[in-house]
Amino acid sequence: VIEGVMMRAKNIIATAVRRHDGEIVVKREEFHSLLERYRWLNIPILRGAIGLVEMMYIGIRTLNYSAEIALAGAGTAPGGVVQQGGDSTNMKAREKKAVFPLVITLIVSLALGVGIFFFFPLFIATRLFSVEQQPLVFNLIAGGIRIAILLLYLYGISLMKDVHRLFQYHGAEHKAVFTFEQNDLLEIPTAMRYTRFHPRCGTSFVLIVMLLAIFLFSFLDLITLQFIHPLSLPIRLLTHLPFIPVVGGIAYELLKFSARRSTTRFGRILVAPGLWLQKITTKEPDESQMEVSLAAMKAALRADAGLRSAAAG
């Protein structure tokens, strides 16, 4: 998030943001996933699709919150840490008012994402290449265009000063998670020694989705060809679009599988593309950024002292 880090533990979201005056503001709030409230939803593939939508909502809300805090004026002495609870009446009232704008933002974000990373590659592959009736070749081309757009976009924004700082905080988040997972001291010098590349990361998930989509959409096109011929852009839109949550759900299971086996030879092969992508989306943090990340981690752990895993994103 802007000038900060968000950590998610069991039923808790902790966000630490450094204000303009140097003060670190820490907000800790309860969050109960649909998967915890409705156990029957916690099944493979479906849980990944639900978790993806929830994290997008949490991410947009936290991003808005961090922007407000980062731009806030002076408060107490610079360099201090302020704990901000998530249960005050005023805060809940503000969050209720913000629900509708956040939902609209989420819908618009999804629409833009589908347009840029789904419709556009299919459109280009259809218009510029005569391979519509060859499922694997067509989806390799469309998938290649999709991945190229992602890489160019990420590399382009990484050159911006503000985004570079955002990616430094991303690196600090990963270092804090690694420090905790190794049961090491949650202190700045200790955390700075760990790598900024983590196998269980949101950017790795995005890349897995895109690679997986090539093969799953090829299989889907192959089945569709048995009933509808010839395949066209409208047909692909009608068949591929509803299948996107399934691709996301399978990618989520694959990410969990590969992260658990990241120390094995097969696991290292699976996580390698995502770790390569993190060379763009994470940068080496400085000590002040590491301090913010550790503040978020400690806030999450204080709320759930028995936690032994944290989500890297």
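Bear in mind the structure is a predicted one, so any value in this text is a computation, not a measurement.

Reading guide: rules and limits
- Residues numbered from 1 in each chain as written.
- Predicted model: local features only at pLDDT ≥ 70, side-chain atom pairs only at ≥ 80, totals over all residues.
- Heavy atoms only, no water.
- Buried < 20%, exposed > 50% of the residue type's maximum accessible area, 1.4 Å probe, protein only.
- Helix = DSSP H or I, 4+ residues; strand = E, 2+ residues; numbered from the N terminus.
- Pairing = 2+ DSSP bridges.
- Patch = residues over 30% accessible without salt bridge, like charges linked within 9 Å, V, L, I, M, F, W, Y side chains within 5 Å.
- Areas by Shrake-Rupley, 256 points an atom, 1.4 Å probe, with all protein chains shown as cover.
- Salt bridge = Lys/Arg side-chain N within 4 Å of Asp/Glu carboxyl O.
- Expected span 1.5 Å × (residues − 1).
- Contact = heavy atoms within 4.5 Å.
- Phe/Tyr/Trp six-rings, centres within 6.5 Å; stacked < 30°, edge-to-face > 60°.
- Lys NZ or Arg CZ within 6 Å of the ring centre and 35° of its normal.

A. View of the pairing of strand β1 (residues 4–9). Summarising burial for β1: 5 of the 6 residues are buried, a large majority. What sits between the antiparallel neighbours β1 and strand β2 (residues 12–18) is a turn of 2 residues, in which N11 has the positive phi angle 65°.

B. View of unusual backbone geometry. In this model, H229 is joined to P230 through a cis peptide bond whose omega is 0°. As for its position among the elements, P230 is in the loop between α7 (202–225) and α8 (233–240). Backbone geometry places N11, a non-glycine residue, at a positive phi of 65°. Along the chain, N11 turns up in the loop between β1 and β2. Note on N11: relative accessible area 21%, which makes it partly exposed.

C. Main features of a nonpolar patch on the surface. Taken together, the side chains of V103, I104, I107, V108, L112 and I116 define a hydrophobic patch exposed on the protein surface, amounting to about 490 Å² of accessible area. In this structure L112 comes out as exposed when scored by relative accessible area, which is 52%.

D. Here's a closer look at the pairing of β2. Buried residues dominate β2, accounting for 7 of its 7 residues. Residue alternation in β2 divides its side chains into two sets, I12, A14, A16 and R18 and I13, T15 and V17, and both sets are buried. Of the strand pairs in this sheet, β1 and β2 are connected by 6 bridges, and their pairing is antiparallel. Looking at the pairing, A9 lines up with I12 of β2.

E. Highlighting helix α9 (residues 244–260). Under the 1.5 Å per step criterion, the end-to-end length of α9 is 25 Å for 17 residues, consistent within 8% with the ideal 24 Å. Within α9 the residues assigned to the buried category are V247, G248, G249, A251, E253, L255, S258 and A259.

F. How the structure looks around helix α5 (residues 161–181). Taking 1.5 Å per residue as the helical rise, α5 with its 21 residues ought to reach 30 Å, and the 31 Å between its terminal C-alpha atoms agrees with that figure. Of all 21 residues making up α5, 15 are buried, and the element is well covered by its neighbours. Backbone geometry just downstream of α5 places N183 in the positive-phi region, at approximately 55°.

G. How the structure looks around the side chain of T203. Along the chain, T203 falls in helix α7. When near neighbours in sequence (up to four residues on either side) are disregarded, T203 contacts H170, L277, Q278 and T281.

H. Molecular detail of the packing of aromatic side chains. Enumeration according to the criterion identifies 3 aromatic pairs in this entry. Between the aromatic rings of F118 and F217, the centroid separation amounts to 6.3 Å while the plane-to-plane angle is 65°, which identifies the pairing as edge-to-face. Separated by 99 residues along the polypeptide, F118 in helix α3 (residues 89–128) and F217 in helix α7 bring together distant segments of the chain. A ring pair is formed by F217 and F243, whose centres lie 6.3 Å apart and whose planes are at 50°; its orientation type is tilted. With F217 in helix α7 and F243 in the loop between α8 and α9, the pair connects residues that are 26 residues apart, well separated along the chain. A relative accessible area of 4% means that F217 is categorised as buried. Sitting above the plane of the Y65 ring, K27 keeps its charged end 4.5 Å from the centroid. Just above the ring of F138 sits the side chain of R236; from NZ or CZ to the centre is 3.7 Å.

Everything listed here is a matter of coordinates, which is why it stays silent on function.
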